[in-house]
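If you want the building blocks of each chain, they are given just below.
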Amino acid sequence: MKLTATVLDTTDPRGLALFYGAPLGWEIADDEEERVTLRDPAGGAGLSFQCEPAHRPPVWPAAEGDPRMMTHPDVEVTDLAAGVARALEPGARLAGRQPQADVRAPLDPAGHPFCLWAPQA
C-alpha cells in the first residue's frame, strides 16, 4: 500500500487548492471539475480537494452537535508569526482557540483547521 493523497471536502476545489498551493510551493497535478490535487515537486503524498456541495465547515473546538473535523494538515514553518501572516493574507482566519503556545491553528477558506508550527531553535 502507498498513501497517495489526503483529501479535504469543499464547495470550491480549485480555490482551496490555490490557497494551499501558493504558500507550500506545490503545483496542481490534476485539475478536474470535481477534484483538484496538489503535488510537492520534491515527491511524496499529495493534498486533494474534492467537491462536496453539501460541505459544512467543521467547528473547532466543537460543541455537542457541531460538525467535527476529521483530519487536519500540520504545516512546518521557519517563523511562526510570518507563517500566520502568510496564511491570513489569502483568506485564512485564526480559530477562536489555539491548541498550544507554539502552534497556531488557522481555518482555511472552507473552514478546515490546519496547524502551523515552527521547530524550536
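What counts and what doesn't
- Residues numbered from 1 in each chain as written.
- Predicted model: local features only at pLDDT ≥ 70, side-chain atom pairs only at ≥ 80, totals over all residues.
- Heavy atoms only, no water.
- Pairing = 2+ DSSP bridges.
- Helix = DSSP H or I, 4+ residues; strand = E, 2+ residues; numbered from the N terminus.
- Phe/Tyr/Trp six-rings, centres within 6.5 Å; stacked < 30°, edge-to-face > 60°.
- Buried < 20%, exposed > 50% of the residue type's maximum accessible area, 1.4 Å probe, protein only.

**Notes on the pairing of strand β2 (residues 27–31)**
Each regular strand shows side chains that alternate between the opposite faces of the sheet.
Alright, step 1. Across four bridges, the pairing between β2 and strand β3 (residues 35–39) is antiparallel. When the bridges of β3 are listed, E27 appears paired with R39.
Alright, step 2. Connecting β2 to the next strand, β3, in antiparallel fashion are three residues.

**Things to note about the packing of aromatic side chains**
Alright, step 1. Under the counting rule described, the total for this entry stands at four aromatic pairs.
Alright, step 2. Aromatic side chains Y20 and F114 sit 5.6 Å apart centroid to centroid with 65° between the ring planes, which places their arrangement in the edge-to-face category. In this pair, Y20 sits in helix α1 (residues 13–24) while F114 sits in the loop between β8 (106–107) and β9 (115–117), placing the two residues 94 residues apart along the sequence. Side by side, Y20 and F114 carry an identical accessibility label, which is buried.
Alright, step 3. Joined through ring pairs, the aromatic side chains of F19, Y20, F49 and F114 make up one cluster.

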